[in-house]
Amino acid sequence: MAAGHTPICIITGASSGIGLWASKALVERGWHVVMACRDTAKAEAAAREIGIAPESRIIMRLDLGTLSGVRGFVEEFRTLARPLDALVCNAATYMPRLTEPLRSPEGYELSVATNYFGHFLLANLLLDDLGKARDARLVTLGTVTANSEEFGGKVPIPAPADLGDFEGLKAGFTAPVAMIDGKPFKPGKAYKDSKLACMMMNRELHARFHDATGIVFTTLYPGCVADTPLFRHAPKAFQRIFPWFQKNVTGGYVSQPLAGERVADVVTEPAFARSGVHWSWGNRQREGREAFAQSLSAKASDAARSRELWELTARLVGLTERVTEPA
Ligand code: NAP
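Calculation notes
Residues numbered from 1 in each chain as written. Predicted model: local features only at pLDDT ≥ 70, side-chain atom pairs only at ≥ 80, totals over all residues. Heavy atoms only, no water. Helix = DSSP H or I, 4+ residues; strand = E, 2+ residues; numbered from the N terminus. Buried < 20%, exposed > 50% of the residue type's maximum accessible area, 1.4 Å probe, protein only. Lys, Arg positive; Asp, Glu negative; His and termini not counted. Salt bridge = Lys/Arg side-chain N within 4 Å of Asp/Glu carboxyl O. Contact = heavy atoms within 4.5 Å. Polar contact = N/O pair within 3.5 Å; in protein donor to acceptor, adjacent residues only side chain to side chain. Near = heavy atom within 4 Å. Areas by Shrake-Rupley, 256 points an atom, 1.4 Å probe, with all protein chains shown as cover. Nonpolar A, V, L, I, M, F, W, Y, C, P; charged D, E, K, R; others polar. Pairing = 2+ DSSP bridges. Axes fitted to C-alpha atoms, helices over the stretch in contact; angles between N-to-C directions. Parallel < 35°, antiparallel > 145°, perpendicular 65-115°, else oblique. Core = buried A, V, L, I, M, F, W, Y, C linked by side-chain atoms within 4.5 Å.

### Topic: the side chain of Glu150
Move 1: With respect to the element layout, Glu150 can be found in the loop between strand E5 (137–141) and helix H5 (167–170).
Move 2: Of the buried charged residues, Glu150 lacks a salt bridge, with Arg289 as the closest side chain of opposite charge at 8.8 Å.
Move 3: Look past the residues within four positions of Glu150 in its chain and what remains in contact with it is Val144, Asn283 and Gln294.

The structure is reproduced here in structure tokens:
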């Protein structure tokens, strides 16, 4: 960290779970955080409860499920006239028991709209801000269940992530379409697809903008943080059994504070200054476990597919100009 400069990081979805604990970890490393949350009162209460110093945090409203909400957040952030050193795209919604898709105001299926479209727009709008900082980083939460290169990504419940040939996006992604691949709605798969799309977004951000801007673009899987509110819409029995199973059977369980530290490592540590990487701590946790660069599946690593996904998404979120042209 340069002397005299207090770096600033925006973290989306910092009202609970990994984003909340990452905010605390960053503040304890001398950073200021902008906690970008849809429920600011909840974020304030959570920040107080775990002791995030009030002078080191700003809580700002961001609803990623609406494109106008994302644009409004960026405008409001700019009124602070503060530089931006890092953006953590963390927020997500997981609604595995829906029988019919929920829709954003634009008519898009809500988990893809929130987890992927909202972050796609946010990342693009903040690129210029990040580009002004030295050692800027844009970090996105990925997940093992969206990477068919790994065992967790092959689990067929309800189905592995698969974006097909983006038929749903090509058809405009409004009703009756609810899935990126255009197939019938499966809410659990919609979540996995949204996370896979985020990981492919990162590859394309790297390809387009790393050389020109110096921004380091990464994703990470911090481990299975099985007791966060992410699982609040899953059946109650699942919420009880899943943490136990991850602790005692798979060994994949990671606590929320440790996951927060891992996010903070990827934001701040020189060892994570490699752009285009998906970092993982693997699926069997043990004391002192080191991160490693995890490869993605062949389809997720295909440059032409990432480019096509980028261009389709840019159109759906209303972005044109330089973001649709390779650097
Ligand atoms: P979490 O505690 O539920 O946190 C999700 C955050 O996203 C909450 O602050 C939530 O806000 C926010 N959010 C939801 N919809 C939003 C919207 N429309 N606009 C703005 N914010 C919104 O879950 P978590 O486990 O910490 O998940 C954080 C990230 O880690 C996610 O990207 C998830 O995919 C990833 N991840 C989690 C695990 C795990 O095992 N938990 C593993 C791998 C990756 P509200 O409080 O208002 O709902």
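On we go from here.
### Things to note about the side chain of Thr114
Move 1: Mapped onto the elements, Thr114 comes out in helix H4 (residues 110–131).
Move 2: Engagement of the side chain of Thr114 in a polar contact is seen with the backbone oxygen of Leu110, the distance being 2.8 Å.
Move 3: If we ignore the near neighbours within four places in the chain, the residues touching Thr114 are Leu64, Gly65, Thr93 and His119.

### Let's talk about the site of the ligand
Move 1: The environment of the ligand is formed by 30 residues, the closest being Lys42, Asn90, Tyr191, Lys195 and Thr228.
Move 2: Take Asn90: an N or O atom from its main chain is 2.6 Å from an oxygen atom of the ligand.
Move 3: Val225 places a main-chain nitrogen or oxygen 2.8 Å from an oxygen atom of the ligand.
Move 4: About the coverage of the ligand: the protein hides 97% of its 890 Å² of free accessible area.
Move 5: Going through the elements one at a time, helix H1 (17–28) and helix H6 (187–213) are the ones with two or more residues in the shell around the ligand.
Move 6: Tallied by class, residues from the shell around the ligand come to 14 nonpolar, 11 polar and 5 charged.

### Considering the pattern of salt bridges
Move 1: By the definition in use, this model includes 15 salt bridges.
Move 2: Where Glu44 meets Arg57, a salt bridge forms, and the shortest distance between an N and an O atom there is 3.2 Å. Of this pair, Glu44 sits in helix H2 (residues 40–50) while Arg57 sits in strand E3 (residues 57–61), placing them 13 residues apart in sequence.
Move 3: Note on Glu44: relative accessible area 27%, which makes it partly exposed.
Move 4: Looking at Arg57, the relative accessible area reads 10%, which means it is buried.
Move 5: One connected set of salt bridges, linked through shared partners, spans Arg29, Glu261, Asp265 and Glu269.

### Considering the sheet that holds strand E2 (residues 32–37)
Move 1: With mixed pairing, 8 strands are arranged side by side in an open sheet as E3-E2-E1-E4-E5-E6-E7-E8. Either end of the sheet is taken by a strand with one partner, and the two such strands are E3 and strand E8 (292–293).
Move 2: Relative to strand E7 (residues 277–280), strand E6 (residues 216–221) runs parallel, the two being bridged by 4 bridges. If you follow Thr219 over to E7, its bridge partner there is His278.
Move 3: Lying over the sheet, helix H3 (residues 67–79) contacts strand E1 (8–12), E2 and E3, oriented at roughly 145 degrees with respect to E3.

### Quick notes on the packing of H6 against helix H9 (residues 303–316)
Move 1: Packing of H6 against H9 leaves a shortest axis separation of 9 Å and a crossing angle of 100 degrees. Relative to H9, the element H6 lies roughly perpendicular. Facing H6, whose interface residues are Ala197, Met200, Met201, Arg203, Glu204, Leu205, Arg208 and Phe209, H9 presents Ala303, Arg305, Ser306, Arg307, Leu309, Trp310 and Glu311.

### Concerning the environment of Ile11
Move 1: Of note, Ile11 is situated in strand E1.
Move 2: Given the relative accessible area of 0%, Ile11 is considered buried.
Move 3: Residues Ile11 and Ala91 lie 80 residues apart in sequence; the distance between their C-alpha atoms is 8.2 Å.

### Side note on the nonpolar core
Move 1: Membership of the largest hydrophobic core comes to 59 residues, with the highest contact counts inside it found for Phe73, Phe117 and Leu138.
Move 2: Residue assignment for this core shows that the elements contributing at least two residues are E1, E2, H3, strand E4 (86–89), H4, H6 and H9.
Move 3: Those residues in contact with Phe73, other than ones at most four positions away along the chain, are Ile10, Val34, Ala36, Met60, Arg61, Leu62 and Leu122.
Move 4: Among the nonpolar cores identified, the runner-up in size contains 34 residues, and Cys9, Cys37, Val88 and Leu141 belong to it.

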